[in-house]
Amino acid sequence: MHMQLTTTARERLVWDQPPKPRRVGLVLGGGAARGIAHIGALETLEGNGIYPDVIAGASVGALVGGLYAAGVSAARLKAIVADISWLDLVSLKLPSLHLTDLAKSLPLGLLDLDKMIGWIDSLIGEGIHFEQLNTPFTAVATDLVSSEVVAMNRGLLAPAIRASCAVPGIFTPYRRNGRLLVDGVVANNLPVSVARDMGADYVIAVDLLPPLGTGAAERAVEPRNLAEAAMTALFTLARATQAEQQYADIVVTPPIAHINLADLSAAEELLAAGKQAMAAWIPKIKADLAPEKVNA
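How each quantity is defined
- Residues numbered from 1 in each chain as written.
- Predicted model: local features only at pLDDT ≥ 70, side-chain atom pairs only at ≥ 80, totals over all residues.
- Heavy atoms only, no water.
- 1 Å grid on protein atoms, 1.4 Å probe; cavity = no way out; pocket = protein on both sides within 12 Å on 5 of 7 lines; lining within 4 Å.
- Points joined across faces, edges and corners; volume = space filled by probe spheres on them.
- Helix = DSSP H or I, 4+ residues; strand = E, 2+ residues; numbered from the N terminus.
- Nonpolar A, V, L, I, M, F, W, Y, C, P; charged D, E, K, R; others polar.
- Buried < 20%, exposed > 50% of the residue type's maximum accessible area, 1.4 Å probe, protein only.
- Pairing = 2+ DSSP bridges.
- Right-handed = clockwise from strand over helix to strand, strands pointing away.
- Arc of directions from axis to C-beta.
- Contact = heavy atoms within 4.5 Å.
- Expected span 1.5 Å × (residues − 1).
- Phe/Tyr/Trp six-rings, centres within 6.5 Å; stacked < 30°, edge-to-face > 60°.
- Salt bridge = Lys/Arg side-chain N within 4 Å of Asp/Glu carboxyl O.
- Core = buried A, V, L, I, M, F, W, Y, C linked by side-chain atoms within 4.5 Å.
- Axes fitted to C-alpha atoms, helices over the stretch in contact; angles between N-to-C directions.
- Parallel < 35°, antiparallel > 145°, perpendicular 65-115°, else oblique.
- Left-handed = near helix turned anticlockwise from the far one by under 90°.

J.: I tried to follow empty space enclosed by the protein on my own but got confused; where do I start?
T.: It is a probe the size of a water molecule, rolled over the atoms, that shows where empty space is left. Taken as a whole and assessed by the stated rule, the structure comprises one cavity of 30 Å³ or more. Space inside the largest cavity adds up to approximately 320 Å³. Mapped onto the lining of the largest cavity, the elements with two or more residues apiece are α2 (36–47), α3 (60–69), α4 (74–81) and α6 (115–124). A per-element tally of the lining of the largest cavity places α3 first, with four residues. Here the lining of the largest cavity is composed, by residue class, of 21 nonpolar, two polar and no charged.

J.: Help me out: how do you make sense of the pairing of strand β1 (residues 24–28) in this one?
T.: Consecutive side chains along a regular strand alternate between the two faces of the sheet. In terms of burial, β1 is largely enclosed, as five of its five residues are buried. Burial along β1 is two-sided: the face carrying V24, L26 and L28 and the face carrying G25 and V27 are both buried. Taken together, the five bridges between β1 and strand β10 (residues 202–206) define a ladder with parallel strand orientation. Residue pairing across strands places L28 opposite V206, the latter belonging to β10. Looking at chain direction, β1 and strand β2 (residues 54–58) are connected through four bridges and run parallel. By the bridge assignment, L28 is partnered in β2 with G57. Since β1 and β2 lie parallel, the crossover through α2 that links them has a hand, and here it is right-handed.

J.: Would you take a moment to explain helix α12 (residues 282–289) for this structure?
T.: Since the α-helix packs 3.6 residues into each turn, any two residues three or four apart lie on the same face. For α12, the complete set of buried residues consists of I282, I285 and D288. On an axial view of α12, the arc spanned by its buried residues comes to 130°, and they lie on one face. Its buried side turned inward, α12 meets α2, β10, β11 (250–252) and α11 (267–279).

J.: Quick question: what am I supposed to make of α11 here?
T.: Here α11 contains 13 residues, and its C-alpha end-to-end distance of 18 Å stays within 8% of the 18 Å for a straight helix at 1.5 Å per residue. If you check which residues of α11 are buried, you get A267, L270, L271, A273, G274, A277 and M278. The buried residues of α11 occupy one face: seen down the axis, they fall within an arc of 165°. With respect to the buried face of α11, the exposed residues turned more than 90 degrees away are E268 and Q276. Check the buried side of α11 and you find it contacts α2, α4, β10, β11 and α12.

J.: Honestly, the packing of aromatic side chains in this entry has me stumped. Any pointers?
T.: In this description, a pair of aromatic rings is defined by centroid distance and the angle of the planes. On inspection of all chains with the given rule, the structure shows one aromatic pair. Where F130 meets F137, the ring centres are 5.9 Å apart and the plane angle is 10°; that geometry is what we call stacked. Side by side, F130 and F137 carry an identical accessibility label, which is buried.

J.: Can you help me understand the pattern of salt bridges in this one?
T.: Side-chain pairing between opposite charges can occur once the charged atoms of the two side chains come close. Under the defined criterion, the tally for this structure stands at nine salt bridges. The salt bridge involving K275 is made with E43; its shortest N-O contact spans 3.9 Å. One end of the pair, K275, is in helix α11; the other, E43, is in helix α2, with 232 residues separating them in the sequence. For K275, a relative accessible area of 37% corresponds to the partly exposed category. Across the pair R162 and D114 runs a salt bridge whose closest N-O atoms are separated by 2.7 Å. Residue R162 is found in helix α7 (residues 157–164), and its partner D114 is found in the loop between β4 (109–112) and α6; the two are separated by 48 residues along the sequence.

J.: What's the story with the nonpolar core in this structure? I'm lost.
T.: Grouped together as the largest cluster of nonpolar side chains are 78 residues, with contacts concentrated most on L67, W119, I120, F137, M152, I204 and M278. A per-element tally of this core places α3 first, with seven residues. In this structure, F137 is in contact with I55, G57, A62, G65, G66, A69, F130, M152, N153, L157, I161 and M198, ignoring residues within four places of it in sequence.

J.: I would appreciate a short explanation of the packing of α2 against α4 in the present structure.
T.: To describe two helices that pack against each other, one gives the angle between their axes and the distance between the axes. Across the interface, α2 lies against α4 with an axial gap of 9 Å and an inter-helix angle of 150°. With respect to their mutual orientation, α2 and α4 come out roughly antiparallel. The two elements α2 and α4 meet at a crossing, and its hand is left-handed. Residue-level contacts link I36, I39, L42, E43 and E46 of α2 to A74, L77, K78 and V81 of α4. Grouping the constituent residues of the contact of α2 with α4 by class yields six nonpolar, no polar and three charged.

Here it is, written out as structure tokens:
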């Protein structure tokens, strides 16, 4: 009969040598265009033969993580980034001109993100479901009405990713399963707990929001337009409230605070930053995941 140890029993448990982790989880946080750094981090992991067993992501972390879970390699993601523009993903959302009822005529976002669904489908195939993925994956969104964290791991993949990326006020929300969903950053920017619930016993998290009080955060760049101002405000709040870094085994934070949140032209710098930041952690990750040594 299988028995679960209570928390108290676990606290009293002492190993001669703790068993090595069996399931590696990768958690990718939000950060808009800075998410290109995730691709560099994935490239480093791949180059060292480290592949996650489960992936969880919020916002752009859901986009990169979902594509990767669907079999799009880091090398292909890197090639895709070279040609991508915001026009591939968004379209202008114009208000209807009912001035007698202005509140109802205003859209829920300046830009419509539905083009992202077709763009994702063009890369992985139309109508791909979570259940078909090579690697178990969860995309995190926020219920705009209830403020609940919504962990999406069933049904169509592309619309779920689109919902996770919907920065409120900038991109229109997405209706899914009776919920009005916005960016996962709002409720849980770094969903380590989700990866743990998926069965990961070793979690590598990539955090694109530099911690408050660090030199990187103090050098953060000023927003250049309304969209970047709204994103900056959202991610400032997320940075101040996110608390799940402490539950990860490894937290990789590329030094990219000086890059504007919507700046896709900084792709090369972002790729290099993600790659180098992950490389610094590779010796520890390999040591943590190394097979048990056989006693002589």
